[in-house]
Amino acid sequence: MKLSTITTKLRKYFNDREFLKYTGQFLLMMTIIYLFSILSLGIQSPAFTYSVF
Amino acid sequence: MKRLKAFAAALVIFLCITGGIRMVVMHSGVHSSSREFRYWYNPYKDKSAPSLQEALGKNTMVIFGSSELGHSRKSPYYIKNMFSEKALDAMLIGQPYSQDMNHATTLAALAPYMKSRKVVLLLSPTWFMGKDTSPENFSIRYSDSAYIGMLRNPDISPALKRSMAQRTRHLLRNDKAALSRVKAYDAVYLNDTRDPFTRLKARYYQNHTMLQERAALLMAEQYRRISDPGTGASGAPGLPGKSGNAEPARLHSSGLRSSGPIVSPGTTPDWQALQEEALAGVDRKTNNPLMMKDSVWKTRFRSKYRSSKELHAGTETTVSGEYGDLELFLQVCKEENIKPLLIIQPVNGFWYDHSGLKAPARDGYRAKIKDVASRYDAQVTDLSQYDYEPGVLTDAVHPWGKGWVILDEVIYNYYKAP
């Protein structure tokens, strides 16, 4: 495909607000899920309790 | 159609972002070469086998334990505060619920990187009570990077790896996610599967968990810097003092020492005097029937004292699967030519007599530990003679000032021995 055709298509997508809105929503959802999955180890460490005695 | 294209575009951008996050997290410096890191009482440090490997110095001796490593950390007799770096170079590994199987796996992962071939294992009596290790407790302390390190250690025989893998799978039976990962690792590293899907799955799990462990460690380090900008961890009260001074440092009227590490290279501590000094510091704080720290008695034991009569009566002390895990730990030592020291910690004799686990039952698990150790020529130090001494324990099992002096002496003599 010619470079000018690619550029025209990309410009069309970037000017399409609805497309950008959907892309942003999907990206945000994926990023949140990903961050949660890599940081989940940090929220699961119980401390010592005296219940065992 | 537009949404599909938007999803595809988001996915491409997402993959670029995750690549960037991964690069930043994996290449961010963790201060693993510092003494502070080696003594840092933190679960995320213990889970990250690569960070522990990096932290090992030329003379570093690993001390495995559990919750006792987190008690009395501000005491001048706590191991980190007691010794200067040149007197004792040690790394503490252990958290509440860490037990033999966790430590056997971690040791197998670290052994190829250890220059010192000595390790200390602080044995807690609660590990050996009951029928077996709690799967939930094991799962909390299970580390993927340590497990993979064990599987990839060329010095460990396939038979031992299989035994450890089998036991790990049994202990993770209630944690389906971790079990699934372990099975994938076993398929690749133990059984050398050629199935590309399984290999891909194992590679994905390995990369992802390594990223998780690293991210958690970085967050923990940042939190430590914010909460304690001085040392980043709890340290001894007072200012650094002279090193190489054979005389004990002066005491404040509060009973706290006025200078830094008590033991420096070239000094021979007067352990008896240190024990008496530590005891003098707590003399007025044990006014209860269990001779434990008054504040712990009031907040944790007083309300349940009456109802806990014979609470532990009938508790099994010689049948636990934990003895098998201890054997696995010793087998790792044997195959790695590591000389272990097992320390059987004292317990609060008053508490356990009251709650029904009397001396004969307690002697039972001690005898069994010694029996297991004798089969591997492992050195054992039994501190049960301190079960009824004041100032040794803050509660049922955790060391106090004098207790730490006793442990310090045993560990230091072992470290210094040829």
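Residues numbered from 1 in each chain as written. Chains lettered and ligands numbered in written order. Predicted model: local features only at pLDDT ≥ 70, side-chain atom pairs only at ≥ 80, totals over all residues. Heavy atoms only, no water.

K.L.:
Which residues make up the interface of chain A and chain B, and what are the values?
P.N.:
When the parts of a complex come together, some accessible area is lost, and that lost area is often taken as the interface size. The partner chain B presents 42 residues to the 28 residues of chain A that form the contact. Roughly 3,100 Å² is buried in total at the junction of chain A and chain B, and carbon and sulfur atoms are behind 72% of that figure. Notably, a salt bridge pairs Glu18 of chain A with Lys2 of chain B, separated by 3.2 Å at the nearest N-O pair. Taken together, the connections running from chain A to chain B amount to five residue pairs in polar contact (both at pLDDT 80 or more). With 13 residues, the single largest contributor to the side of chain A that touches chain B is helix 2 (residues 17-39) of chain A. Each residue belonging to the side of chain A that touches chain B can be placed in one class, and the counts come to 18 nonpolar, eight polar and two charged. (Contact = heavy atoms within 4.5 Å. Buried area = accessible area lost by both parts, 1.4 Å probe. Salt bridge = Lys/Arg side-chain N within 4 Å of Asp/Glu carboxyl O. Polar contact = N/O pair within 3.5 Å; in protein donor to acceptor, adjacent residues only side chain to side chain. Helix = DSSP H or I, 4+ residues; strand = E, 2+ residues; numbered from the N terminus. Nonpolar A, V, L, I, M, F, W, Y, C, P; charged D, E, K, R; others polar.)

K.L.:
Which residues make up the pairing of strand 1 (residues 61-64) of chain B, and what values go with them?
P.N.:
All names here are of chain B. Of the two faces of strand 1, the one carrying Met61 and Ile63 and the one carrying Val62 and Phe64 are both buried. Note: strand 1 against strand 2 (residues 90-93), four bridges, orientation parallel. For Ile63, the partnering residue across the bridge sits in strand 2 and is Leu92. As defined by bridge partners, strand 1 adjoins strand 3 (residues 118-123) across three bridges and the pair is classed as parallel. Note on strand 3: the bridge partner recorded for Ile63 is Val120. (Buried < 20%, exposed > 50% of the residue type's maximum accessible area, 1.4 Å probe, protein only. Pairing = 2+ DSSP bridges.)

K.L.:
Break down the packing of aromatic side chains for me, citing the residues and quoting the values.
P.N.:
All names here are of chain B. Counted under the stated rule, the structure contains 17 aromatic pairs over all chains. Among the aromatic residues, ring-to-ring pairing joins Phe138, Tyr142, Tyr147 and Tyr185 into one connected group. Cation over ring: Arg224 sits above Trp40, and NZ or CZ is 4.2 Å from the ring centre. Over the ring of Phe301 we find Lys304; its NZ or CZ atom is 5.0 Å from the centre of that ring. (Phe/Tyr/Trp six-rings, centres within 6.5 Å; stacked < 30°, edge-to-face > 60°. Lys NZ or Arg CZ within 6 Å of the ring centre and 35° of its normal.)

The values are spatial; any link to function lies outside them.
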